[in-house]
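Geometric and topological summary
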Amino acid sequence: GSLVVSNKGIDGNDVKLRGLEPGSVFGEMAIYLGGVRTATVVAQTSSVVSKLSVEALERMEREHPQLAVGIHKMLARLLSTKLRQTNTLLGRLS
C-alpha cells in the first residue's frame, strides 16, 4: 500500500514530508539511534509492513553475519541517499 511520512510543524500541525510506495524502507534511523522516532508514518491504503527489530538484527549478526552485513550496507546507502536529498533541499533554501 501507500504510506505517508509526516512530522509536527512549528505551528503544531502535521506536515507531510513524503509519500512511501510498496517496497519502501522506513524507521531505519531507530536501528542506530536506539529507537528514537523522528517522524510518524501512516498507511493511506491497506498495507503490509514488516518489522526488523534491533534484537533480530543482533541475532542475525551472530547467526548469519554475511546477511547482516548486507542489511547494514543497504541501510547505510539508504541513509546516505536521504542525507544527500536533505542537503540538496537545504542548499536550495539558502
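Residues numbered from 1 in each chain as written. Predicted model: local features only at pLDDT ≥ 70, side-chain atom pairs only at ≥ 80, totals over all residues. Heavy atoms only, no water.

1. What to know about the overall build of the protein
Where we set the bar: Here a strand is any run of E in DSSP of at least two residues, a helix any run of H or I of at least four, and the numbering for each starts at the N terminus. Throughout, exposure labels follow a simple rule: accessible area from a 1.4 Å probe, protein chains only, divided by the maximum for the residue type, with under 20% read as buried, over 50% as exposed, and the rest as partly exposed. For this analysis, residues touch if any pair of their heavy atoms sits within 4.5 Å. Accessible surface is estimated by sampling points in the Shrake-Rupley manner with a 1.4 Å probe; for residues, cover comes only from the protein chains shown.
The helix and strand tally for the protein stands at three helices and three strands. Ordered by position from N to C terminus, the α and β elements of the protein give β-β-α-β-α-α. Each principal axis of the C-alpha atoms in the protein carries an extent, and together these give about 45 × 35 × 25 Å. Here the protein holds 94 residues, and 15% of them are scored as buried. Sequence-distant contacts, at least 24 apart, represent 45% of the contacts inside the protein between residues at least 6 apart. As displayed, the protein offers around 7,200 Å² of accessible surface, 57% of which is attributable to carbon and sulfur atoms.

2. Some details on the pairing of strand β2 (residues 14–20)
This is how the line gets drawn: Any two strands with at least two DSSP-identified bridges between them are counted as paired.
Inspection of the sheet shows strand β1 (residues 3–8) paired to β2 by six bridges, in the antiparallel sense. Bridge assignment links Lys-8 to a residue of β2, and that residue is Asp-14. Two successive antiparallel strands, β1 and β2, enclose a turn made up of five residues, where Gly-12 displays a positive phi of approximately 90°.

3. Notes on the pairing of β1
The two faces of a sheet get side chains in turn, since along a regular strand they alternate between them. Here β1 runs beside strand β3 (residues 40–43); their pairing, made up of four bridges, is antiparallel. Bridge assignment links Val-5 to a residue of β3, and that residue is Val-41.

4. Some words on the side chain of Lys-82
Assignment of secondary structure puts Lys-82 in helix α3 (residues 65–93). For Lys-82, the contacting residues outside a window of four places in its chain are Arg-18, Val-25 and Glu-28.

5. Digging into the sheet that holds β1
To keep it simple, the criterion reads: Angular values range over 0 to 180 degrees, each being the angle between N-to-C directions of two axes fitted as lines to C-alpha atoms, with helices fitted over their stretch in contact.
Strand order in the open sheet made by the three strands is β2-β1-β3, with antiparallel pairing throughout. In this open sheet, the two edge strands, each paired with only one partner strand, are β2 and β3. Going from strand to strand, the sheet's axes swing by 30° on average, the running direction of each strand aside.

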